[in-house]
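So the chains spell out like this:
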Amino acid sequence: MEITFYKYQGTGNDFVMIDDRSESFDVSDLELVSKLCDRKFGIGADGLILIRNHPDYDFEMIYFNADGSQSMCGNGARCAVAFSAFLGIVTSKTHFLAIDGAHDAVIKDGLVQLLMGDVSGIESKEQDYFVNTGSPHHIRLVKAVSDYPVFAEGKEVRYSSTYAPGGTNVNFVEAISEDEIFVRTYERGVENETLSCGTGVTAAALVYGKDLPAAEIKINTLGGKLSVKFTSKPSGGFSDIWLIGPAEQVFSGTIKI
Ligand SMILES: N[C@H](CCC[C@H](N)C(=O)O)C(=O)O
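The structure displayed is predicted, hence computed values, not measured ones. (Residues numbered from 1 in each chain as written. Predicted model: local features only at pLDDT ≥ 70, side-chain atom pairs only at ≥ 80, totals over all residues. Heavy atoms only, no water.)

Asker: Just to check I follow, could you spell out the nonpolar core for this structure?
Answerer: Nonpolar side chains tend to gather and get buried jointly when the protein is soluble and globular. Met17, Met61, Phe96 and Ile219 are the most contacted members of the largest nonpolar core, which totals 47 residues. Residues from two domains meet in this core; each of domain 1 (2-115 + 247-256) and domain 2 (122-235) gives at least three. In this view, Ile219 contacts Ile181, Val183, Val201, Ala205, Gly224, Lys225, Leu226, Ser227 and Val228; residues no more than four positions away in its chain are not counted. In this structure, Leu36, Cys37, Leu50 and Ala66 belong to the second largest nonpolar core, which totals 17 residues. (Core = buried A, V, L, I, M, F, W, Y, C linked by side-chain atoms within 4.5 Å. Buried < 20%, exposed > 50% of the residue type's maximum accessible area, 1.4 Å probe, protein only. Domains from an automatic or database assignment. Contact = heavy atoms within 4.5 Å.)

In structure tokens form, the structure reads like this:
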């Protein structure tokens, strides 16, 4: 079988993108997903995204982590918007469907702005926090995130009984200033640290700015810079949550597999 693909990255979180409007990709073949994401035997990526037609939306994105599991992916969604514009499916504004529901997005000044789903609230977890921003995120505020043992500590939390059986993504957050943080993430389904995680930095920004009526938090990641804007709802929870950052096409090709 020969598959045509496009490789995208959003602040270093990288994805195999496939125009699957023909619906020819077998979504039950998780071995194929893992092989295409394998960095030695395949194309190599944190995840794989199919773009399909949908009667009620501009398009539907189907996201797979590298291990074949599915979840909402913020950086992947931003790359899906850029890819759909490249394919001519959308222009600078779009309304599309992902696993966690409908999203709006805008392409402006070379960046993709993604409207995330509302968040009902933040849970305390001993000294840490938990937020679901379309995928589950454990948040730990730390002093010097550059030196932090992200893989070891992240893996321990991800597989802890607290989050069994589904697990969680784990984010370590350092305060840089009152409106700027540095975030490193251990990602479920990649089972490693990624260079950035869109739903993760969104969760981190909500925790960091949870006592503010509204905020725009600048976020540094190992893979580049993102920002998150949000409004705190009087009843608790958050709305108007925008994840903003670049989404670039790196290369395209075909793979015989
Ligand atoms: N690994 C995550 C999904 C991808 C999240 C991340 N790549 C993002 O940009 O949101 C999970 O299994 O919940």
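Asker: Could you clarify how one ought to interpret helix α4 (residues 198-208) in this entry?
Answerer: Residues three or four positions apart in an α-helix share a direction because the helix packs 3.6 residues into each turn. Burial analysis of α4 places ten of its eleven residues in the buried class, the great majority of the element. For α4, every residue scored as buried is listed here: Gly198, Thr199, Gly200, Val201, Thr202, Ala203, Ala204, Ala205, Leu206 and Val207. (Helix = DSSP H or I, 4+ residues; strand = E, 2+ residues; numbered from the N terminus.)

Asker: What is the right way to look at the UniProt feature "binding site: substrate" (unreviewed entry) in the chain in this model?
Answerer: According to UniProt, the "binding site: substrate" (unreviewed entry) feature falls on Asn13, Asn65, Gly74, Asn75, Asn169, Glu187, Arg188, Gly198 and Thr199. Mapping Asn75 onto the fold places it in helix α2 (residues 74-86). Here Asn75 is in contact with Gly10, Thr11, Asn13, Phe15, Ser196, Cys197, Gly198, Leu226 and Leu243, once residues within four sequence places are set aside. In terms of polar contacts, Asn75 uses its side chain to reach the side chain of Asn13, at 3.0 Å. Locating Gly198 in the fold gives a position in helix α4. Residue Gly198 is classed as buried on the basis of its relative accessible area of 2%. Once residues lying within four places of it in the same chain are set aside, the contact partners of Gly198 are Asn13, Gly74, Asn75 and Leu243. (UniProt positions renumbered as here; feature names shortened; annotations may be inferred. Polar contact = N/O pair within 3.5 Å; in protein donor to acceptor, adjacent residues only side chain to side chain.)

Asker: Teacher, can you tell me more about the environment of Gly76 here?
Answerer: Topologically, Gly76 is positioned in helix α2. Overall, the relative accessible area of 0% leaves Gly76 in the buried class. Those residues within four positions of Gly76 in sequence are excluded, and the remaining contacts are Phe15, Ile49 and Met61.

Asker: How do you make sense of the pairing of strand β11 (residues 169-177) when you look at a structure like this?
Answerer: Within a regular beta strand, the side chains point alternately toward one face of the sheet and then the other, so they alternate between its two faces. Pairing of strand β10 (residues 136-141) with β11, which is carried by five bridges, proceeds in the parallel orientation. Following the sheet pairing, His137 is matched in β11 by Asn169. Taken together, β10, helix α3 (residues 150-158) and β11 form a β-α-β motif whose crossover is right-handed. Bridge count for β11 against strand β12 (residues 180-187) is seven bridges, and the pairing is antiparallel. When the bridges of β12 are listed, Phe172 appears paired with Arg184. The turn joining β11 and β12, which pair antiparallel and follow one another in sequence, is formed by two residues. (Pairing = 2+ DSSP bridges. Right-handed = clockwise from strand over helix to strand, strands pointing away.)

Asker: Would you mind showing me how to read the domain arrangement of the chain here?
Answerer: You'll often see interface size given as the accessible area lost when the parts meet. Looking at the assigned domains, one finds that the chain contains domain 1 (2-115 + 247-256) and domain 2 (122-235). Here domain 1 and domain 2 have C-alpha centroids that lie 23 Å from each other. Contacts between the two partners involve 17 residues from domain 1 and, on the opposite side, 19 residues from domain 2. Carbon and sulfur atoms make up 45% of the area that domain 1 and domain 2 hide from each other, which totals about 1,100 Å². Sorting the residues of domain 1 by area buried against domain 2 places Thr11, Asp46 and Met72 first, and these three jointly supply 37% of that buried surface. The tally of links between domain 1 and domain 2 comes to zero salt bridges. At the boundary of domain 1 and domain 2, one finds eight residue pairs in polar contact (both at pLDDT 80 or more). (Buried area = accessible area lost by both parts, 1.4 Å probe. Salt bridge = Lys/Arg side-chain N within 4 Å of Asp/Glu carboxyl O.)

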